[in-house]
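Listed below are the residues making up each chain.
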Amino acid sequence: MQWRGSRLSTNVDDRRRLGIPGGFKGLGAVGLVVALAVFWLTGDPGALVGALGNGGRSVSADTSEPSATEEELANFLRSVLASTEDVWTEQLPRYGAEYRDPTLVLFRGAVDSACGMAESAVGPFYCPGDEQLYLDLGFFDELESSLGAPGDFAQAYVVAHEVGHHVQRLIGVEEKVRAAQQRVGEPEANELSVRMELQADFLAGVWAHHANRAGNVLEAGDVEEALNAAAKIGDDNLQRRSQGRVVPESFTHGTSAQRVRWFKKGLETGDLEQGDTFAARDL
Ligand SMILES: [Zn+2]
């Protein structure tokens with residue numbers, strides 16, 4: 001994907017290094033304890049100030065500094081997010097809705113959201129309660145190495161899919177589906193979930209269509225990367241990998257073939273009207 005030189009979104013809440021209060025960064029817990037002990041024993045504020053200022057740096061190196069590769073990834077995600085902002089701000093009014101930029105929360109390990117405490121094991125998700133997208137950067141390692149879906153456009157597809165859920169909230173689909181799910185049994189609720197997920201895949205395709213029109217962002221092999229990722233995270237493929245068999249009634253995201261089909265439909269048409277997965281008889 002061609003993204004260098006393009007706008008980087010500022011709607012990113014980077015929580016990768018949370019837990020290290022800014023003032024103590026570089027000092028380390030040991031250095032702080034030593035400085036406090038010296039201050040307590042001698043009453044010399046200089047010991048504390050000195051340690052907090054620069055003396056602490058040698059005590060304990062800040063190992064949480066992200067690598068250059070990870071910074072590159074974070075910037076790439078900012079550019080994808082910016083592109084989704086541009087596309088949806090332009091597109092949604094055509095369908096009678098206004099776009100509000102969501103915030104992308106980057107984390108590693110675990111994170112707290114309005115939807116509860118989440119661990120990386122849940123994968124990327126959108127929380128309607130706070131309108132934020134949550135993305136564990138470690139998920140991309142998994143996507144590439146264990147799920148076999150490498151490539152920057154595979155990553156862009158993941159972000160665009162979560163943004164798709166935000167669009168579903170803005171156009172009122174999410175609220176209707178949640179309400180309907182309260183009234184039905186589990187198989188029907190799962191079926192509604194599948195249709196909602198496939199629509200998010202479709203919306204990811206719609207984004208790719210317009211982003212490419214606006215700036216020629218697609219490079220050779222990009223579409224294949226996204227389609228491959230859509231196929232690799234289909235419920236049938238994930239179930240086959242994890243439990244060795246496929247149980248269609250328990251699907252919540254759709255099969256690999258369905259996910260590929262709806263992403264492609266969005267990519268080819270770029271038209272929101274073509275994405276009514278709820279009315280579609282044949283998914
Ligand atoms: Zn989803």
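This section reports on the structure supplied with the text.

Criteria and cut-off values
- Here, residues in each chain are numbered from 1, in the same order as that chain's written sequence.
- With the structure being a predicted model, the display of local features is reserved for residues of pLDDT at least 70 and the display and counting of side-chain atom pairs for 80 or more, all residues being used for whole-chain, interface and lining totals.
- With hydrogens and water set aside, each side-chain value is computed from the structure's full complement of heavy atoms.
- Numbered from the N terminus, helices here are DSSP runs of H or I no shorter than four residues, and strands are runs of E no shorter than two.
- The Shrake-Rupley method, run with a 1.4 Å probe sphere, supplies the accessible areas, and residue values consider only the shown protein chains as cover.
- Three labels apply to residues, based on accessible area from a 1.4 Å probe with only protein chains included: buried if under 20% of the type maximum, exposed if over 50%, partly exposed otherwise in between.
- Whether two strands pair comes down to DSSP finding at least two bridges between them.
- The axes are straight lines fitted to the C-alpha atoms, using for helices just the contacting stretch, and the angles between their N-to-C directions are given from 0 to 180°.
- Left-handed describes a crossing in which the near helix is turned anticlockwise from the far one by less than a right angle; the clockwise case is right-handed.
- Residue contacts follow a heavy-atom distance rule, with two residues in contact if any of their heavy atoms lie within 4.5 Å.
- Any residue that is not Ala, Val, Leu, Ile, Met, Phe, Trp, Tyr, Cys, Pro, Asp, Glu, Lys or Arg is counted as polar, Gly included; the first ten are nonpolar and the last four charged.
- Expected span of a helix: the number of residues minus one, times 1.5 Å.
- The term salt bridge refers to a side-chain nitrogen of Lys or Arg lying within 4 Å of a carboxyl oxygen of Asp or Glu.
- For Na, K and Ca the donor cut-off is 3.2 Å, and for all other metals it is 2.8 Å, counting N, O and S atoms only; because water is absent from this set, sites may look incomplete.

## A word on the overall build of the protein chain
Part 1 of the argument: Broken down by element type, the protein chain carries ten helices and six strands.
Part 2 of the argument: Per element, the accessible surface of the protein chain, about 14200 Å² overall, is 51% carbon and sulfur.

## Considering the pairing of strand β3 (residues 110-113)
Part 1 of the argument: Only one face of β3 is covered, namely the one carrying Val111 and Ser113; the face carrying Ala110 and Asp112 has none of its residues buried.
Part 2 of the argument: Here four bridges tie β3 to strand β4 (residues 116-119), and the two strands are oriented antiparallel to one another. Across the sheet, aspartate 112 pairs through a bridge with methionine 117, a residue of β4.
Part 3 of the argument: Between β3 and β4, which pair antiparallel one after the other, the connecting turn spans two residues.

## What to know about the packing of helix α8 (residues 222-232) against helix α10 (residues 256-269)
Part 1 of the argument: Taken N-terminus to C-terminus, the directions of α8 and α10 make an angle of 145°; their axes are 7 Å apart at the nearest point. Between α8 and α10 lies a crossing of right-handed hand. For the pair α8 and α10, the contacting residues are Val223, Ala226, Leu227, Ala230 and Ala231 in the first and Ser256, Arg259, Val260, Phe263, Lys264 and Leu267 in the second.
Part 2 of the argument: In terms of residue class, the contact of α8 with α10 is built from eight nonpolar, one polar and two charged.

## Focus on helix α5 (residues 152-170)
Part 1 of the argument: If you check α5, its first and last C-alpha atoms are 27 Å apart, about what 19 residues at 1.5 Å a residue would give, namely 27 Å.
Part 2 of the argument: By the criterion of burial, α5 is predominantly enclosed, with 17 of the 19 residues buried.
Part 3 of the argument: Positioned one or two residues after α5, glycine 172 has a phi angle of 85°, which is positive.

## Some thoughts on the pattern of salt bridges
Part 1 of the argument: The final tally for this structure, using the stated rule, is 15 salt bridges.
Part 2 of the argument: A salt bridge links arginine 16 to aspartate 14; the nearest nitrogen and oxygen atoms lie 2.6 Å apart.
Part 3 of the argument: The exposure class assigned to arginine 16 is buried, which follows from its relative accessible area of 14%.
Part 4 of the argument: Among the ionic contacts, a cluster of salt bridges with common partners joins Asp14, Arg16, Glu70, Glu71 and Arg108.

## Structural notes on the coordination of the zinc ion
Part 1 of the argument: On the protein side, the zinc ion has His161 (NE2), His165 (NE2) and Glu197 (OE) as donor atoms, found 1.9 to 2.1 Å from it.
Part 2 of the argument: The sequence pattern formed by the donor residues of the zinc ion is H-x3-H-x31-E. A residue pair is termed long-range when its members are at least 10 positions apart, and histidine 165 in helix α5 and glutamate 197 in helix α7 (residues 186-215) qualify at 32 residues.
Part 3 of the argument: Among the residues examined, histidine 165 registers a relative accessible area of 10% and is labelled buried.

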